[in-house]
Amino acid sequence: MARRSTRNNILLFQITLAQYAILLLYSLTTSNAQDRATPMFVFGDSLFDTGMTLFNGVEGAGAEFWPYGESYFLRPAGRYSDGRVIPDFLAHYAGLPFLRPYLLPGLDDYTQGVNFASASACVLVETRPGTINLAEQLYYFELMVQRLKEQVGESEANRLLSTAVYLFNVGGNDYFSLFEENRRDLPLSQRLKDHSMDQILGNLTTHIYTIYHHGGRKFAFVNVGSIGCMPAMKFMLHHNGACAEEPQELVKVHNAAFASLANRLQYRLPGFKYIIYDMFSSVHNRVLYGYRYGFKESEVACCGSGPFNGGFSCQKQEHSFSVCSNPNDYLWFDAGHTTEKANEQFAKEMWGGGPDIVAPYNLQTFMAMK
Ligand SMILES: *[C@@H]1O[C@H](CO)[C@@H](O)[C@H](O)[C@H]1NC(C)=O
């Protein structure tokens, strides 16, 4: 009698233990699913590129030589800066690992997001042939969506795609190129400006719709930066002041038009949500008042040649170029790209800044929204 009861007790104990283990396991896996960081899919140009361009097959196109990467990675890391770029910081704040470039060989886990951004990318496909423009990035995105569905199943893929944040920084190269192509024929005609802007905004709309149709709902946009203050623009236009007026004015008009487009989409597309980080003002303020942000030099680039080091010769083996010894003193690392120190400041503002710089919410609040 006693023996039987002991055996029953042991049996009972084993059952409860097994149930407990199952429960524990279940609660662990479900809480993991709930606590998992929101995935981030990144699109855009060299300011957001984390190595994509290295795999585009064009040598020298992808920040692959010294001095790129020297401050943080201690080697070139496919980033157009001395260290990390904005998405590196944002991913970190969001509890994600570095977002790897979609073309990285062997990459096949997309559940935390991936980076499609590539140096030189434009919205308009004719502008810079041979680059991974925004249309091509969207093409890769659609391939990824298919793979993701095969890997994790339709419903989990849909859950990931609808909770993800889609981070964009694009358009600066389109406007830069417009000035480059017409630099002997300035000012640009109103007709050309209107036409270009319509096409850029039209194509951006198309791509946003594509992501929306795959379930994407949360978009975080960086507006077009102060391209008139870029050392490369000033070098090209032989401008000597802090910022060239004409590109600044055009980009301002674009940014205002884009903000009202995003606002309209919110009414047209149920569930569509967005934020815009005002990169334009952030860069502009740092060019004008660098010392307030800890920059001793906010006009001349750390690396390059010619006036403002605005010649795009940095890293090009066949050119001679100079490199500063302390990139932390500089806003610009090369003729068109900011230093890691500046990138961290931009990322901090976008992540946690007030409505004067990122609206209607900052990225931290936005990511936590359902
Ligand atoms: C997209 O850009 C192309 C030029 O690259 C243009 O022909 C087309 O009209 C644009 N699409 C939209 C919807 O604006």
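Report on the accompanying structure. (Residues numbered from 1 in each chain as written. Predicted model: local features only at pLDDT ≥ 70, side-chain atom pairs only at ≥ 80, totals over all residues. Heavy atoms only, no water.)

### A closer look at the pattern of salt bridges
Side-chain pairs of opposite charge can arise where the charged atoms are in close proximity.
No. 1: Enumeration over the complete set of coordinates arrives at 10 salt bridges.
No. 2: The salt bridge partner of Lys234 is Glu299, with a shortest N-O separation of 2.8 Å. Of this pair, Lys234 sits in helix H7 (residues 231-237) while Glu299 is found in the loop between helix H9 (279-288) and strand S6 (303-304), placing the two residues 65 residues apart along the sequence.
No. 3: The salt bridge partner of Glu344 is Lys348, with a shortest N-O separation of 3.7 Å. Within this pair, Glu344 and its partner Lys348 are both found in helix H10 (residues 340-352), separated by four residues, close to a single helical turn.
No. 4: The exposure class of Glu344 is partly exposed, given its relative accessible area of 29%.
No. 5: Its relative accessible area of 49% is what places Lys348 among the partly exposed residues. (Salt bridge = Lys/Arg side-chain N within 4 Å of Asp/Glu carboxyl O. Helix = DSSP H or I, 4+ residues; strand = E, 2+ residues; numbered from the N terminus. Buried < 20%, exposed > 50% of the residue type's maximum accessible area, 1.4 Å probe, protein only.)

### Details of the packing of helix H5 (residues 172-181) against helix H6 (residues 190-213)
Describing two packed helices takes the angle between their axes plus the distance from one axis to the other.
No. 1: Orientation of H5 relative to H6, taken along the N-to-C sense of each, is 155 degrees, at an axis distance of 11 Å. Looking at the two axes, H5 sits roughly antiparallel to H6. Relative to H6, the crossing made by H5 is right-handed. Residues Asp174, Tyr175 and Leu178 of H5 pack against Leu192, Ser196, Met197 and Ile200 of H6. (Axes fitted to C-alpha atoms, helices over the stretch in contact; angles between N-to-C directions. Parallel < 35°, antiparallel > 145°, perpendicular 65-115°, else oblique. Left-handed = near helix turned anticlockwise from the far one by under 90°. Contact = heavy atoms within 4.5 Å.)

### Remarks on the site of the ligand
No. 1: Around the ligand, the neighbouring residues are Leu124, Val125, Glu126, Gln199, Gly202, Asn203 and Thr206.
No. 2: For the ligand, an oxygen atom lies 2.8 Å from a polar atom in the side chain of Glu126.
No. 3: Relative to its free-state accessible area of 360 Å², the ligand is covered by the protein chains to the extent of 58%. (Near = heavy atom within 4 Å. Polar contact = N/O pair within 3.5 Å; in protein donor to acceptor, adjacent residues only side chain to side chain. Areas by Shrake-Rupley, 256 points an atom, 1.4 Å probe, with all protein chains shown as cover.)

### Some thoughts on the environment of Pro105
No. 1: With respect to the helices and strands, Pro105 occurs in the loop between helix H2 (86-93) and strand S2 (113-115).
No. 2: For the pair Pro105 and Phe55, spaced 50 residues apart in sequence, the C-alpha separation works out to 8.4 Å.

### As for the layout of surface pockets
No. 1: Approximately 930 Å³ is the volume found for the largest pocket.
No. 2: Together, 47 residues line the largest pocket, and Ser120, Arg128, Asn173, Phe312 and His337 are the ones closest to its centre.
No. 3: Every element with two or more residues in the lining of the largest pocket is listed here: H5, H7 and H9.
No. 4: Take the lining of the largest pocket: its biggest share by element is four residues, from H5.
No. 5: Of the residues belonging to the lining of the largest pocket, the class tally is 21 nonpolar, 21 polar and five charged. (1 Å grid on protein atoms, 1.4 Å probe; cavity = no way out; pocket = protein on both sides within 12 Å on 5 of 7 lines; lining within 4 Å. Points joined across faces, edges and corners; volume = space filled by probe spheres on them. Nonpolar A, V, L, I, M, F, W, Y, C, P; charged D, E, K, R; others polar.)

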